[in-house]
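# An overview of the molecular structure
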Amino acid sequence: MEHSLAVTDRQSSVGHRWARGQQEDQQRLHRLLESGSCALLRHAGLTEGMRIADVGCGIGLMTLRLAEEVGPAGLVVGLGEDDEQLALARDTARHEGRRNLWFEKASPYNTGLPRSTFGIVYARCLFSRLDRPWDALGELISLLEPGGVLVCEELETAPALPVTLPWRLADDMVFDRGSGISAPGASVAARLPLACMRAGLAHVGTTFAELGPVLPPSPRGLAPRVPPGLALWQVWARRPLST
């Protein structure tokens, strides 16, 4: 996938240690984000019977929630690269008796999943920890069925200026060059909306909210060391019904 948003240096997400952390870290992150993630997915069209791919699923906490949302008539596939995390995800699914999902080891650059198959492709804290995020973006877009929606969430630093108003469609807005959306130093999260538009997706939207003050403490009562300005970016975009 080629366009002018190439990343020359490895992007370092401020939420990296939660996204790739141990079980306790991922559980804390999931508790913080679950409600908002589900609201975003429903806004994107999440319904019973849908097929969903969760790319970069970690220990499968959101994958399991998605399987609950789509019901027995739906299907969810969780993809990850860590054998231990995938084994834990499979054990949890078996314990909960989930039969409408499975987990596979796969790269986000080459998922091995069938093209044009999924109503939603979901990725939490994925792109900002990849060396080649735009290659992965192309792979995830290829999995969408016509009319399907790509839904991404990233933990990154908040921008100096607003990117959009919440739930505002990118079709109706102008990307301000002064906001740093296309600047070389801009985060992957800040550039995702424009990358989706350039990849041919429609109805691109984004919103963000600073999260540092609301991150829950650990069970030991120790507050995590949160970088100032930590924000949750939510980006969604739809594959056109026809090209």
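Here the structure is shown first, and the text comes after it.
For clarity, every value in this text was computed on a predicted model and none was experimentally measured.

Broken down by element type, the protein carries six helices and seven strands. Going from N to C terminus, the protein has its helices and strands arranged as α-α-β-α-β-α-β-β-α-β-α-β-β. Pairs at least 24 residues apart make up 78% of the contacts formed inside the protein by residues separated by at least 6 positions. With an accessible surface of roughly 11500 Å², the protein has 50% of that area assigned to carbon and sulfur atoms.

This part takes up the packing of helix H2 (residues 23-43) against helix H3 (residues 61-70). Remark: H2 packs on H3, axes separated minimally by 10 Å, with the N-to-C direction vectors making an angle of 35°. In the packing of H2 onto H3, the handedness of the crossing is right-handed. Contacts between H2 and H3 involve Gln26, Gln27, His30, Glu34, Ser37, Cys38, Leu41 and Arg42 from the first element and Leu61, Met62, Arg65, Leu66 and Glu69 from the second. By residue class, the composition of the contact of H2 with H3 is five nonpolar, four polar and four charged.

Within a sheet, each strand pairs with its neighbour through backbone hydrogen bonds, oriented either parallel or antiparallel. Strands sit in the order E3-E2-E1-E4-E5-E7-E6 across an open sheet of seven strands; the sheet is mixed. Among the strands making up the open sheet, the edge pair consists of strand E3 (101-105) and strand E6 (202-210). Taken over all neighbouring pairs, the strand axes of this sheet differ in orientation by 15° on average, direction set aside. Of the strand pairs in this sheet, strand E5 (residues 144-157) and strand E7 (residues 230-238) are connected by nine bridges, and their pairing is antiparallel. Within E7, the residue paired with Glu153 across the bridge is Gln234. Sitting on the sheet, H3 touches strand E1 (51-55), strand E2 (75-80), E3 and strand E4 (118-124), and the angle it makes with E2 is about 170°. Each of E2 and E3 is contacted by helix H4 (residues 83-96), which is oriented at about 170° to E3, the strand it contacts most.

This part takes up the pairing of E1. Counting buried residues along E1, four of its five residues qualify, which places the element largely inside the surrounding structure. Two strands pair when backbone bridges link them, and E1 and E2 are joined in this way by five bridges, in the parallel orientation. Paired with Ala53 across the strands is Val77, a residue of E2. Handedness of the β-α-β unit built from E1, H3 and E2 comes out right-handed. Across three bridges, the pairing between E1 and E4 is parallel. Looking at the pairing, Ile52 lines up with Ile120 of E4.

It is worth spelling out the nonpolar core at this point. Counting 29 residues, the largest nonpolar core has Val121, Phe127, Leu137, Leu140 and Leu150 as the members making the most contacts within it. Mapped by element, the contributors of at least two residues to this core are E1, E2, E4, helix H5 (133-142), E5, helix H6 (188-198) and E7. Considering each element in turn, this core owes the most residues, five residues, to H5. Formed by 24 residues, the second largest nonpolar core is a distinct cluster that contains Ala44, Met50, Leu66 and Val149.

Here Ser116, not a glycine, exhibits a phi torsion of approximately 50°, which is positive. Tracing the backbone through its elements, the reader meets Ser116 in the loop between E3 and E4. At His203, a position not held by glycine, the phi torsion is positive, near 50°. Relative to the assigned elements, His203 resides in strand E6.

It is worth spelling out the environment of Tyr109 at this point. When you line up the elements, Tyr109 lands in the loop between E3 and E4. When its relative accessible area of 23% is taken as the criterion, Tyr109 is described as partly exposed. Residues Tyr109 and Gly138, 29 residues apart in the sequence, show an inter-C-alpha distance of 8.2 Å. When residues no more than four places from it in sequence are discounted, the contact partners of Tyr109 are Leu130, Asp131, Arg132, Asp135, Ala136 and Glu139. At a separation of 3.1 Å, a polar atom in the side chain of Tyr109 contacts the main-chain amide nitrogen of Arg132.

Our focus in this paragraph is the packing of aromatic side chains. This model, assessed by the stated rule, comprises zero aromatic pairs. The lysine or arginine in question, Arg132, covers the ring of Tyr109, its NZ or CZ lying 3.9 Å from the ring centre.

Rules used throughout
Residues numbered from 1 in each chain as written. Predicted model: local features only at pLDDT ≥ 70, side-chain atom pairs only at ≥ 80, totals over all residues. Heavy atoms only, no water. Helix = DSSP H or I, 4+ residues; strand = E, 2+ residues; numbered from the N terminus. Contact = heavy atoms within 4.5 Å. Areas by Shrake-Rupley, 256 points an atom, 1.4 Å probe, with all protein chains shown as cover. Axes fitted to C-alpha atoms, helices over the stretch in contact; angles between N-to-C directions. Left-handed = near helix turned anticlockwise from the far one by under 90°. Nonpolar A, V, L, I, M, F, W, Y, C, P; charged D, E, K, R; others polar. Pairing = 2+ DSSP bridges. Buried < 20%, exposed > 50% of the residue type's maximum accessible area, 1.4 Å probe, protein only. Right-handed = clockwise from strand over helix to strand, strands pointing away. Core = buried A, V, L, I, M, F, W, Y, C linked by side-chain atoms within 4.5 Å. Polar contact = N/O pair within 3.5 Å; in protein donor to acceptor, adjacent residues only side chain to side chain. Phe/Tyr/Trp six-rings, centres within 6.5 Å; stacked < 30°, edge-to-face > 60°. Lys NZ or Arg CZ within 6 Å of the ring centre and 35° of its normal.

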